[in-house]
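# Architecture at a glance
Below are the chains, spelled out letter by letter.
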Amino acid sequence: MVAKRRAAGSILRGLHRKGLPCIEIPPTQISVLRSPSEFYAELLAGAAAAQRRIALASLYVGDGARERELVGALQNAPAQTDIHLLLDGSRMQRGGGLTLLAPIARRAGARVSLFRPPSLVSHSWRAALPPLANEVLGVQHAKACVFDDTVVLTGANLSAEYFEPVSYTHLTLPTKA
């Protein structure tokens, strides 16, 4: 165990010497959320507790009851809380997720950003393609949630099918040790 910790410390020092940002987090401060219900509860709790910032990156946000509850929790965040959602521009064209997020987009201090790969933005032929073809050509697939100084790394999108039994592991990391 001691050898592993030394190796990890050596890797971090090497990254730091190259000018790359590093955060060393003791393993005891990392939480593993083992079920979709724990993940969903963490999202709601994070939205309720955040005072400074909420940032969510996902492929898409669904438009069902659980997603409405999550968006409601975001809307109820204190007025001074900055909210930023980064979603895939092509995937968000399906379903009613954009309509659901409209109140967030209108909120002061909030942004809903829809990512499109430069290759899709710069070509006029993109508009002629069906939405699914645009998705095949490139998507924003990062999935992370930030609530003040807590980061939740996940493989799940912000949609009901990921708040129910599926086999994803979610890690909660403090950014201040």
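It should be noted that the structure appears before, not after, this text.
Quick summary incoming for the structure in this document. Here the structure is a predicted model, which means the values were calculated and not measured.

Its place among the elements puts Ala 45 in helix α2 (residues 36-49). According to the relative accessible area criterion, Ala 45 is partly exposed, its value standing at 43%. As for Ala 45 and Ala 73, which are separated by 28 residues in sequence, their C-alpha atoms are 8.7 Å apart.

By the secondary structure assignment, Leu 70 is in helix α3 (residues 65-75). In contact with Leu 70, not counting residues within four places along its chain, are Tyr 40, Leu 43, Leu 44, Leu 158 and Phe 163.

Here we come to the side chain of Ser 159. Its place among the elements puts Ser 159 in the loop between β6 (150-153) and α7 (160-163). Overall, the relative accessible area of 3% leaves Ser 159 in the buried class. Of note is the side chain of Ser 159, whose polar atom sits 2.9 Å from the side chain of Glu 161. Apart from the residues lying within four places of it in its own chain, the contact partners of Ser 159 are Tyr 60, Gly 62 and Glu 67.

This structure, assessed with the given rule, holds two salt bridges. Put simply, Asp 149 and Arg 52 hold a salt bridge, and the shortest N to O gap is 2.8 Å. With Asp 149 in the loop between β5 (144-147) and β6 and Arg 52 in the loop between α2 and β2 (53-57), this pair connects stretches of sequence that are 97 residues apart. The salt bridge partner of Arg 53 is Asp 149, with a shortest N-O separation of 3.6 Å. Highlighted residues: Arg 53 in strand β2 and Asp 149 in the loop between β5 and β6, separated in sequence by 96 residues.

Membership of the largest hydrophobic core comes to 32 residues, with the highest contact counts inside it found for Leu 43, Ile 54, Leu 56, Leu 74, Ile 83, Leu 85 and Phe 147. Secondary-structure elements contributing two or more residues to this core are α2, β2, α3, β3 (82-88), α4 (97-106), β5 and α7. The element best represented in this core is α2, accounting for five residues. Those residues in contact with Leu 56, other than ones at most four positions away along the chain, are Leu 74, His 84, Leu 85, Leu 86, Ala 144, Cys 145, Phe 147 and Leu 158.

About the thresholds
What you see as residue numbers is a count from 1 along each chain, following the sequence as written. Only residues with pLDDT of 70 or above have their local features reported here, since the model is predicted, and side-chain atom pairs are shown and tallied only from 80 upward, although totals for entire chains, interfaces and linings are computed over all residues. Excluding hydrogens and water, the side-chain values take into account all heavy atoms of the structure. Helical segments are the DSSP runs of H or I of at least four residues, strand segments are the runs of E of at least two, and each set is numbered from the N terminus. The cut-offs for exposure are 20% and 50% of the maximum accessible area for each residue type, with area from a 1.4 Å probe on protein chains only; residues under the lower value are buried, those over the upper are exposed, and the others partly exposed. Contacts are assigned to residue pairs that have any heavy atoms within 4.5 Å of one another. Counted as a polar contact is a pair of N or O atoms within 3.5 Å, where, for protein atoms, one must be capable of donating a hydrogen and the other of accepting one, and residues adjacent in sequence contribute only when both atoms are in side chains. Any Lys or Arg side-chain nitrogen found within 4 Å of a carboxyl oxygen on Asp or Glu counts as a salt bridge. Take the buried Ala, Val, Leu, Ile, Met, Phe, Trp, Tyr and Cys residues and link them wherever side-chain atoms come within 4.5 Å; each set so joined is a nonpolar core.

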